[in-house]
Amino acid sequence: MSEVYFNRVFPAMRTAFPMEWISVIDAALQIDIKTFVPGHGFIEDGLQSRQKLREFQSAIKYIFAEVQRLRDSGKTREEALQEANWGAIPLGCYRTLSRKLQ
């Protein structure tokens, strides 16, 4: 899965195209294979592998939607960062995400 899939590691999205990742993951999930090997993070076996890939895809969708919502709100970057709801995303990720709001 290379740079499209990070298992239990937050991806560096500063220069990425997360919406393309989502469609690549959609296509990968249609393939009948046992194990998805992430570009970064941990390798899982069997159904756990497929489930972790789905969780990663859901997280990317959530992040993208939240960044889009904050950008469309018309608030300043500082206001958007105060209002942002990143759910269970680790705190160290805010710096990367704040760049996406520019």
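Just so it is clear, the structure is predicted and the values come from calculations on it, not from any experiment.

Novice: I'd like a description of the overall build of the chain, backed by residues and values.
Specialist: Helix and strand counts for the chain stand at four helices and two strands. Walking the chain from its N terminus toward its C terminus, one meets helices and strands in the order β-α-β-α-α-α. Taken over 102 residues, the chain has a buried fraction of 36%.

Novice: Report on the packing of aromatic side chains, specifying residues and quantitative values.
Specialist: Summed over all chains, the structure comprises four aromatic pairs. Look at Phe6 and Trp21: their rings are 5.9 Å apart centre to centre, the planes differ by 35°, and that puts the pair in the tilted class. Highlighted residues: Phe6 in strand S1 (residues 2-7) and Trp21 in helix H1 (residues 18-29), separated in sequence by 15 residues. The same class applies to Phe6 and to Trp21, which are both buried. Here the aromatic cluster, defined as three or more aromatic residues joined through ring pairs, consists of Tyr5, Phe6, Trp21 and Phe56.

Novice: Lay out helix H2 (residues 46-72) in plain terms, naming residues and giving numbers.
Specialist: Given 3.6 residues per turn, any residue in an α-helix points the same way as the ones three and four places further on. Given a rise of 1.5 Å per residue, 27 residues ought to cover 39 Å, and the 40 Å separating the end C-alpha atoms of H2 matches this to within 8%. Taken together, the buried positions of H2 are Gly46, Ser49, Arg50, Lys52, Leu53, Phe56, Gln57, Ile60, Ile63, Glu66, Val67 and Leu70. Gly74 lies just past H2 and shows a positive phi near 80°.

Conventions we followed
Residues numbered from 1 in each chain as written. Predicted model: local features only at pLDDT ≥ 70, side-chain atom pairs only at ≥ 80, totals over all residues. Heavy atoms only, no water. Helix = DSSP H or I, 4+ residues; strand = E, 2+ residues; numbered from the N terminus. Buried < 20%, exposed > 50% of the residue type's maximum accessible area, 1.4 Å probe, protein only. Phe/Tyr/Trp six-rings, centres within 6.5 Å; stacked < 30°, edge-to-face > 60°. Expected span 1.5 Å × (residues − 1).

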